[in-house]
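# Notes for the structure review
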Amino acid sequence: MSIEELLDIAVGIYTKESPEVEDLLIHLEAMNDLIAKGAVHNYFGLNEIEILVLIMLEEFAYKSIQQAAFNDIYLNDYNKILINSLDNALLKIPRTSHDTLYRQDRDYYKIPENGEILKFKGFFTTSKDDFDNTYNIKWVIKPLPNGLTKAHDIYLVYNKGYNLPYPEWQVEFERNTKFIVTKVVPKDNFTEVYISELED
């Protein structure tokens, strides 16, 4: 499928003036600009839509992907293509070798309990760095070792903030990855939740 076909599908569902189509056009322009600047590194054979959807996820159109990935009632032909393209992109990108990952969540719906099994229906975005800037939950994540993890180093393709002092170093877990909560530590302004990735 071409970018033009993807755009036609988006216009057919949302109309040309919709925020969704505007987001798509903005991120298409951003992708072309980032490629021209040498900020996109396609070492892994990603196609154009797979690169675009990674940039959408890392920048400001993640809702077009994640909302439908987490909740089927939002699924349509356009975001199905985005979700499937991101699935395919992750499988091409190397699995992480980092033994600890982090995520800062500012509005997670509840504090998990020790021993609870969590399964994230959508894509679970983390970082190799601990930015320690949450007011709700700081996730401390232990991926599976030895290439078994479903976490992929998407920063190898595009690292948001690459030209700033603190790049994001994003590591993305595949959809439906499961974890067990191993420790919950209340802090003054947030809660640290330790989770370990589980095998299927």
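What comes next concerns the included structure. What you are looking at is a predicted structure, and each value in this text was computed from that prediction instead of being measured. (Residues numbered from 1 in each chain as written. Predicted model: local features only at pLDDT ≥ 70, side-chain atom pairs only at ≥ 80, totals over all residues. Heavy atoms only, no water.)

### Points about the nonpolar core
Short version of the rule: Put simply, buried Ala, Val, Leu, Ile, Met, Phe, Trp, Tyr and Cys residues joined by side-chain atoms within 4.5 Å make one nonpolar core. Burial status follows relative accessibility: with a 1.4 Å probe on protein chains alone, a residue under 20% of its type maximum counts as buried, one over 50% as exposed, and anything between as partly exposed. Going along the chain from the N terminus, every DSSP run of H or I of four or more residues is numbered as a helix, and every run of E of two or more is numbered as a strand. The contact rule is simple, with two residues in contact once any of their heavy atoms fall within 4.5 Å.
One finds Leu6, Leu52, Met56, Ile65 and Leu86 to be the most contacted residues of the largest nonpolar core, which totals 35 residues. It is helix H3 (residues 48-58) that contributes the most residues to this core, eight residues altogether. Those residues in contact with leucine 6 that sit more than four places away from it in its chain are Met1, Leu24, Ile49, Leu52, Tyr78, Ile81 and Leu82. In terms of nonpolar packing, the next biggest core, distinct from the first, is built from 16 residues, Tyr108, Phe124, Trp139 and Ala151 among them.

### Regarding the packing of aromatic side chains
Heads up, the rule is: What counts as a ring pair is set by centres within 6.5 Å for rings of Phe, Tyr and Trp (its six-membered ring), and what kind of pair is set by the plane angle: stacked under 30 degrees, edge-to-face over 60, tilted for all other angles.
What the rule picks out here adds up to 13 aromatic pairs. With a centroid separation of 4.1 Å and an interplanar angle of 5°, the aromatic rings of phenylalanine 120 and phenylalanine 124 are classed as stacked. Ring geometry for tyrosine 155 and tryptophan 169: centres 5.1 Å apart, planes at 80°, overall edge-to-face. Remark: tryptophan 169 occurs in the loop between strand E5 (151-152) and strand E6 (170-173) and tyrosine 155 occurs in the loop between E5 and E6; sequence separation between them is 14 residues. The class of tryptophan 169 is partly exposed, set by a relative accessible area of 26%. Grouped by ring-pair contacts, the aromatic residues Tyr108, Tyr109, Phe120, Phe124, Trp139, Phe173 and Phe179 constitute a single cluster.

### Let's talk about the side chain of serine 196
Along the polypeptide, serine 196 turns up in strand E8 (residues 191-198). The class for serine 196 is buried, based on a relative accessible area of 17%. If we ignore the near neighbours within four places in the chain, the residues touching serine 196 are Lys142, Lys178, Phe179, Ile180 and Thr182.

### Digging into the pairing of E6
Short version of the rule: In this description, strands pair whenever DSSP reports at least two bridges between them.
Of the two faces of E6, the one carrying Gln170 and Glu172 and the one carrying Val171 and Phe173 are both buried. Pairing geometry for strand E3 (residues 124-127) and E6, over four bridges, is antiparallel. Along E6, the bridge assignment pairs threonine 126 with valine 171. Direction of pairing for E5 relative to E6: antiparallel, over a ladder of two bridges. Bridge assignment links alanine 151 to a residue of E6, and that residue is phenylalanine 173.

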